[in-house]
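An overview of the molecular structure
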Amino acid sequence: MISNWKKSTRSGQQTACVEVGSMPDLVGIRDTKNRDGGTLLVDPSAFAALVDAVKADRLR
């Protein structure tokens, strides 16, 4: 079970954000304003590729 959820500090008090949590073999992604609405689970390498793509502005 994922219990160490984090929201970016850049989000401030906004609620239209996602939270990320991790386990040894999985990364969880969920909607901050609907935490019980479901969690997307991906492997750490897929999450790292997503973060790299976001940082490089390749998701258009």
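Residues numbered from 1 in each chain as written. Predicted model: local features only at pLDDT ≥ 70, side-chain atom pairs only at ≥ 80, totals over all residues. Heavy atoms only, no water.

**Some points on the sheet that holds strand 2 (residues 18–22)**
We apply this condition: At least two DSSP bridges between two strands are needed for those strands to be called paired. For the purposes of this entry, the term helix denotes a DSSP run of H or I that reaches at least four residues, the term strand denotes a run of E that reaches at least two, and both are numbered from the N terminus.
Taken together, the four strands give an open sheet; going across it, the order is 1-2-3-4, and neighbouring strands pair in antiparallel fashion. Two strands in the sheet have a free side with no partner beyond their single neighbour: strand 1 (6–7) and strand 4 (40–42). By the bridge criterion, three bridges tie strand 3 (residues 27–31) to strand 4 in an arrangement that is antiparallel. Looking at the pairing, Val-27 lines up with Val-42 of strand 4.

**Re the pattern of salt bridges**
A side chain with one charge can pair with a side chain of the opposite charge if their charged atoms come near. For clarity, the cut-off: When a carboxyl oxygen of Asp or Glu lies within 4 Å of a side-chain nitrogen of Lys or Arg, that pair is called a salt bridge. Accessibility here uses a 1.4 Å probe with only protein chains present; expressed as a share of the type maximum, an area under 20% marks a residue as buried, one over 50% as exposed, and anything in between as partly exposed.
If you walk through the whole model with that rule in mind, you get four salt bridges. The salt bridge partner of Glu-19 is Arg-30, with a shortest N-O separation of 2.7 Å. Remark: Arg-30 occurs in strand 3 and Glu-19 occurs in strand 2; sequence separation between them is eleven residues. Of the charged contacts, one joins Asp-31 and Lys-33 as a salt bridge, the two residues approaching to 3.6 Å between their closest N and O atoms. Accessibility expressed as a relative area gives 28% for Asp-31, which makes it partly exposed. The structure contains a network of salt bridges with shared partners spanning Glu-19, Arg-30 and Arg-35.

**Observations concerning the pairing of strand 2**
Of the two faces of strand 2, only one is covered, namely that formed by Glu-19 and Gly-21; the face formed by Val-18, Val-20 and Ser-22 stays uncovered. Two elements, strand 2 and strand 3, share five bridges in a ladder whose sense is antiparallel. If you follow Val-20 over to strand 3, its bridge partner there is Ile-29. What sits between strand 2 and strand 3 in their antiparallel hairpin is a turn of four residues.

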